[in-house]
Amino acid sequence: MPRHVKVPETGEKIRVENDRLVVPDQPILGYVEGDGIGPDITRACLRIWDAAVEKAYGGKRRIHWCEVFLGEKAAGLYDGDYFPQESLEAFQDLIVSIKGPLTTPVGGGFRSLNVALRQDLDLYACVRPVRHYSGVPSPLKHPGKVDVVIFRENTEDVYCGIEFKSGTEENERLAKFLRDEMGAEFFDAAGLGVKPVSEFGSKRLVRKAIQYAIDHGRESVTLVHKGNIMKFTEGAFRSWGYEVARDEFGDVTITEEQLYNEHKGKVPEGKIVIKDRIADIMFQMMLLRPEEFDVLATMNLNGDYLSDAIAAEVGGVGIAPGANMSDHVAVFEATHGTAPKYANLDKVNPGSLLFSGVMMLEYMGWQEAADLITLAYPEVITDGVVTYDFARQIPGATEVKTSEFATALIERMQGSIDLESKRQQQQELLAKERRQREIRRLLEPMEEMLATGKVPTAVADLMTRSLITVRDEETVESAMHVMADNDVNALVVEPDGDGQWGILTKRDIITKIVNGSRNPAATRVSEIATRPLVSVPAETTIREAANILSEKQFSRLTIEQGGRVIGIVSEDDIFETVEKFGWTTD
């Protein structure tokens, strides 16, 4: 097989040690020009990135670029192979790379080059930061409120390609199995697809999102799902997401319920709030209250929709950056198409690839170089120096070529930009906005929950997490004092010798002590506690919990996860939720 990837003799490869990237001062990074407009925007961006690194570090650091080949250019070098094995190996070897847009060949037998890259390198996280830059045209009145990072699971969901065309033998066999063995009902001759959502895939995606929030000082991570309808796929994604937060990041995370119930709307210092939203509500919230959300973690299809929809709020996919990442290997990319009619015209906006490079610099820990670009870019736009797409929308703007825009940006970076002052301004603005949201939560907690799209769907949303427990050997009298001191109607009884948890309620005391003419000071908790508990998983829906309470004629249920009781939910909790949030039949 021909070899065309020439790794520079100068520079040093990035490596991984102790599960962390080690980036030398002279790293070798891969780049793919891309097809169509790819060469135009890549040439411009390489100049900008190099200039930012030179300015930020005064020559101490420098990127050594290694060209890797995909798409049409690869086909010309590798005898028609658009996705050569040598390139795949180069991405793995170099660890960090960036690429322009690629064209998938027309005709049967060719899979999307982007999909192939994600699958073959197991780039399970598609990461898409979306924020507004001053001066960029936007359809929103206040686009500056949009600043989110979307983590989209890349390998599962309906995009994994498990589909069976209507009328084929495979389709008929699957349809027969579903009807005969599983009792499923659907129309004849339906196309069939499978939607795999695994615990492994979900947890590693959410884990990466939470770690990003920690590393970048973000306030919240929101799990976006349609679990109210697809309970065992999207609902499971939500549950597994909360499990990761609790089990692996419990010292730095709290749930939204804890935020309101235990902390009265004030985020404790050093904590990140984990919350979730139904997907359709999330689309509304990104228009109505975008400032409430920081990091979004979601599945493949939801993430595809959300990424482009939110990008449209701040200027479109033409300036939306993105990356596909595994645990360490990362390929940053332009998120738009190849626009072949503009190829080699030096005309288009390089923003998407440019800011993907900013993401890359941040991933490497070169924040100073990244900041130079993000701070200089809006100044150039505000000056009215823009490519044709923005020139059509900005009155009085000066339309420039792609290469000329790069020159203008480099000149602005090489001028006097006070990085520390601008960073301080950004931090002060961020702190002010967070204080304002906190005040609203403190003053009107329920109104804020409703306004920001929080709709309880599962018992985990309602349960009391701060359990108050007693032991079997304690007297009922002492348990009564604990109830009175904490203003609660029930106590959880710690496991007995058989490992069974129990519950002691005020009703138990009335019916078994008062009505039974027993002395609470001489009666042990074990004598009147109810065992075994009726426990349900945290993902149990409110409707399912109400059905269990009705059938068992109980007033409360305990919530269990991983073999231990983590909360309690009562019929009063369900009543209050329905009264405050309303009730739908979805």
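Residues numbered from 1 in each chain as written. Predicted model: local features only at pLDDT ≥ 70, side-chain atom pairs only at ≥ 80, totals over all residues. Heavy atoms only, no water.

Quick look at the packing of helix α12 (residues 367–382) against helix α14 (residues 402–414)
Running from amino to carboxyl end, α12 crosses α14 at an angle of 115°, the nearest separation of the two axes being 9 Å. The two elements α12 and α14 meet at a crossing, and its hand is right-handed. Residues Leu372, Ile373, Ala376, Tyr377, Glu379, Val380 and Ile381 of α12 lie in contact with α14, whose contacting residues are Phe405, Ala408, Leu409, Arg412 and Met413. For the contact of α12 with α14, a count of residues per class yields 10 nonpolar, no polar and 2 charged. (Axes fitted to C-alpha atoms, helices over the stretch in contact; angles between N-to-C directions. Helix = DSSP H or I, 4+ residues; strand = E, 2+ residues; numbered from the N terminus. Left-handed = near helix turned anticlockwise from the far one by under 90°. Contact = heavy atoms within 4.5 Å. Nonpolar A, V, L, I, M, F, W, Y, C, P; charged D, E, K, R; others polar.)

Observations regarding the layout of surface pockets
Summary: where empty space remains is shown by rolling a probe the size of a single water molecule over the atoms. The computed volume of the second largest pocket comes to approximately 960 Å³. Around the second largest pocket sit 33 residues that line it, and Asn261, Leu462, Met463, Thr464 and Asp573 are the ones nearest its centre. Where the lining of the second largest pocket is concerned, the elements lending two or more residues are α8 (256–261), α16 (445–451), α17 (459–462), β20 (490–493), β24 (564–570) and α22 (571–581). Here the element with the most residues in the lining of the second largest pocket is α22; it accounts for 6 residues. Looking at the lining of the second largest pocket residue by residue, the class counts come to 16 nonpolar, 7 polar and 10 charged. (1 Å grid on protein atoms, 1.4 Å probe; cavity = no way out; pocket = protein on both sides within 12 Å on 5 of 7 lines; lining within 4 Å. Points joined across faces, edges and corners; volume = space filled by probe spheres on them.)

Focus on helix α21 (residues 542–552)
Regarding α21, the residues found buried are Ile542, Ala545 and Leu549. Down the axis of α21, the sector holding all buried residues measures 60°, keeping them to one side. Turned more than 90 degrees off the buried face of α21, the exposed positions are Ser550 and Glu551. Here the buried face of α21 lies against α17, β23 (556–561) and α22. (Buried < 20%, exposed > 50% of the residue type's maximum accessible area, 1.4 Å probe, protein only. Arc of directions from axis to C-beta.)

Re empty space enclosed by the protein
Following the criterion strictly, the structure yields 2 cavities of 30 Å³ or more and no others. When its volume is computed, the largest cavity comes out at roughly 120 Å³. In terms of lining, the largest cavity is formed by 13 residues, of which the most central are Glu219, Leu259, Lys275, Glu292 and Arg441. Elements with a minimum of two residues in the lining of the largest cavity: α8, β13 (272–278) and α15 (419–443).

By themselves, these observations are geometric and do not establish any function.
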